Amino acid sequence: MKELKQTFQSLNRYEWALLAGTIALFLPFQFAAAGLVLILFFFLFSGKLFGSLRNQTGAPWLYGFVVLELAVSAFYGNWMGFLNAAGYLLAGLYIAVYRQYLTRPLFTIILEVMIAMSWLAAFWGLVEFQAVSARKGYDFFDFVIQNSPRDRINSTFMNANFYATMCVFFILFCLYEYVRHRRISLRLYYVVTALLNFFMLLLTGCRTALLPFLFIFPVFFGFAGKRKLFAFSIGMEILALILVLTFPELIPRGSNLSTLFSRIKIWDGAVVLIQMHPLLGMGPVTYGFMYKTMGFHKAPHAHNLLLESLTSYGLAGTALITVYFIRLLRETMAIMQEHPTTFALISCFYLAALVLGLLDFTLNLPVTGITFLMVANAACMWKQPAAHQDTLQTA
């Protein structure tokens, strides 16, 4: 912790700005977006924004995608989609300056701050759960999780599914820091924090967010080269699977299949929209824009990553954003041998996003989307010299 304190003291004003952006992500999304805009103005007036754009991996593909979505949304009068596309622009610009100033110590501090902030998010989530339990006539310790979205906890993350996604990310951060540190007290802190966030994930009632745990532990430890932990995680996965099959009531809302049937109706509607506008879509959240007009099942989006992409962005937009991520993946593959723990973290973020994307679409909020992009771009910290002395143990 002494080293961490020294690193805090050595941060320059640009790194402090990025740290402030990390904290701002935990605010309600309107305030988070406003905070990021202010930070981008700071970089703009400091003369640092445009230089960051020139060095951003995949920038032509990313901003080509954003411009296309802004234009398509405006053409169809899809103003919620236009707002989402503006959010994509905000995220892209923020990630540009993040990449420019990201160092290994700063990445560690960002993760430590997010891990610590997860305790505050959990506290607020527990307050919410107590309020919902009391309103429904239950005791807190009955742990009755409601089916209605408005009666499920979300902390500061708009809805339960977004909070559940962040819980998955927090747990991955804890895994990363656990492997990097040898001190028993720190490892215990990361284990307890991971368990807290898993408990909060259960309280959200988001069953989809449990699916990544079938894979992320062995994948993380396998890529990180931790053979004993890999074997241990496989054993625990098998044990957990046996417990769930034996006691299915362990899964929150496990007996409620109404949401699955709703998903099928939504996917049917999404396929129709893809057939109507296969090349360009109608802009972000096309399903939410069109479901009333078409008489489809009510939903803000297509509840599937691939269907949402094709419905909203069409083949052209999906191709552009896919090429952007391919460029990032090439950058990530270059660190696989020399920095396996960082590679493991990035890989598990991609895996978690894909698995979560089977039944939902939760990366369109500032906190979830930008957190994902921060990790997806983390390989760049190994490509450039650190801005100050790296005093922390690095992976």
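Right above here is the structure, for reference.
Anyway, here's the lowdown on the structure attached to this text. Keep in mind the model is a prediction, meaning the values are calculated, not measured. Each chain carries its own residue numbering, running from 1 in the direction its sequence is written. Where local features are concerned, this predicted model is filtered to residues with pLDDT of at least 70; where side-chain atom pairs are given and counted, the filter is 80 or more; whole-chain, interface and lining totals use all residues. Side-chain measures were taken over the full set of non-hydrogen atoms in the model, leaving aside hydrogen atoms and water.

## Side note on the overall build of the protein chain
For step 1, the next point in the chain: Counting its regular elements, the protein chain contains 16 helices and zero strands.
For step 2, the next point in the chain: The C-alpha radius of gyration computed for the protein chain amounts to 21 Å, which stays within 12% of the reference 21 Å derived for 395 residues, consistent with globular compactness.
For step 3, the next point in the chain: Principal-axis analysis of the C-alpha atoms places the extent of the protein chain at approximately 60 × 50 × 35 Å.
For step 4, the next point in the chain: Working definition: with a 1.4 Å probe on protein chains only, accessible area under 20% of the residue-type maximum means buried, over 50% means exposed, and in between means partly exposed. When each of the 395 residues of the protein chain is scored for burial, the buried share is 54%.
For step 5, the next point in the chain: The contact criterion used is simple: two residues touch if any of their non-hydrogen atoms lie within 4.5 Å. Long-range pairs, those at least 24 residues apart, make up 77% of the contacts in the protein chain with a sequence separation of at least 6. Under the scheme used here, helices are H or I runs from DSSP no shorter than 4 residues and strands are E runs no shorter than 2 residues, and both carry numbers assigned from the N terminus. This radius of gyration counts C-alpha atoms alone. The globule rule is 2.2 Å times how many residues there are, raised to the power 0.38.

## Topic: the packing of helix α8 (residues 160-180) against helix α10 (residues 216-223)
For step 1, the next point in the chain: Only the contacting stretch of a helix is used when fitting its axis, a line to C-alpha atoms as for every element, and angles between N-to-C directions run 0 to 180 degrees. Orientation of α8 relative to α10, taken along the N-to-C sense of each, is 30°, at an axis distance of 11 Å. The orientation of α8 with respect to α10, classified from their angle, is roughly parallel. The handedness of the crossing between α8 and α10 comes out as right-handed. Residue-level inspection shows Ile 171, Leu 172, Leu 175, Tyr 176 and Val 179 of α8 in contact with α10, the latter providing Ile 216, Phe 217, Phe 220 and Phe 221.
For step 2, the next point in the chain: Taken together, the residues that form the contact of α8 with α10 break down as nine nonpolar, no polar and no charged. Every angle not falling under 35 degrees, over 145, or within 65 to 115 is termed oblique; those three ranges are roughly parallel, roughly antiparallel and roughly perpendicular. Two helices that cross are described as forming a left-handed crossing if the nearer one is turned anticlockwise from the farther one by less than a right angle, and a right-handed crossing if clockwise. Ten residue types, Ala, Val, Leu, Ile, Met, Phe, Trp, Tyr, Cys and Pro, are classed as nonpolar, four, Asp, Glu, Lys and Arg, as charged, and the remainder, Gly among them, as polar.

## Regarding empty space enclosed by the protein
For step 1, the next point in the chain: Using only the protein atoms, space was sampled on a 1 Å grid; points where a 1.4 Å probe fits but cannot get out form cavities, open sets with protein on both sides within 12 Å along at least five of seven lines form pockets, and lining residues are those with an atom within 4 Å of a point. Grid points are joined across faces, edges and corners, and a volume is the space filled by probe spheres set on the points. This model, assessed by the stated rule, comprises three cavities of 30 Å³ or more.
For step 2, the next point in the chain: What lines the largest cavity is Leu 305, Ala 353, Leu 356, Gly 357, Asp 360, Phe 361, Thr 362 and Leu 363.
For step 3, the next point in the chain: Residues of the lining of the largest cavity, tallied by class, amount to five nonpolar, two polar and one charged.

## Comments concerning the side chain of Asn 84
For step 1, the next point in the chain: Its place among the elements puts Asn 84 in helix α6 (residues 79-101).
For step 2, the next point in the chain: At 2.8 Å, the side chain of Asn 84 forms a polar contact with the backbone oxygen of Met 80. Any pair of nitrogen or oxygen atoms within 3.5 Å is treated as a polar contact; in protein, a donor-acceptor pairing is required on top of that, and neighbouring residues in sequence qualify only through side-chain atoms on both sides.

## Some points on the packing of aromatic side chains
For step 1, the next point in the chain: Note on ring pairs: Phe, Tyr and Trp rings are taken, using the six-membered ring of Trp, and paired if centres are within 6.5 Å. Classes follow the plane angle, with under 30 degrees stacked, over 60 edge-to-face and the rest tilted. Taken as a whole and judged by the stated rule, the model has 34 aromatic pairs.
For step 2, the next point in the chain: Between Phe 157 and Tyr 163, the aromatic rings sit 5.4 Å apart at their centres with planes inclined by 35°, giving tilted as the arrangement. By the burial criterion, Phe 157 is buried, and Tyr 163 matches it.
For step 3, the next point in the chain: Ring centres 6.0 Å apart and planes at 20° place the aromatic pair Tyr 287 and Phe 296 in the stacked group. The two residues Tyr 287 and Phe 296 agree in class, both being buried.
For step 4, the next point in the chain: An aromatic cluster of at least three residues, connected via ring pairs, comprises Phe 129, Phe 140, Phe 141, Phe 143 and Phe 199.
For step 5, the next point in the chain: The criterion is that NZ of a Lys, or CZ of an Arg, lies within 6 Å of the ring centre and within 35 degrees of the ring normal, and then a charge sits over that ring. Here the guanidinium or amino end of Arg 187 rests over the ring plane of Tyr 178, the centre of that ring lying 4.3 Å away.

## Description of the environment of Met 374
For step 1, the next point in the chain: Position of Met 374 relative to the elements: it lies in helix α16 (residues 366-376).
For step 2, the next point in the chain: Relative accessible area serves as the criterion here: at 3%, Met 374 is assigned to the buried category.
For step 3, the next point in the chain: The spatial distance from the C-alpha of Met 374 to the C-alpha of Ile 346 is 9.5 Å, given a sequence separation of 28 residues.

## Some details on the environment of Leu 306
For step 1, the next point in the chain: By secondary structure assignment, the location of Leu 306 is in helix α14 (residues 305-333).
For step 2, the next point in the chain: A relative accessible area of 54% means that Leu 306 is categorised as exposed.
For step 3, the next point in the chain: Remark: the alpha-carbon pair of Leu 306 and Leu 345, spanning 39 residues in sequence, is separated by 23 Å.

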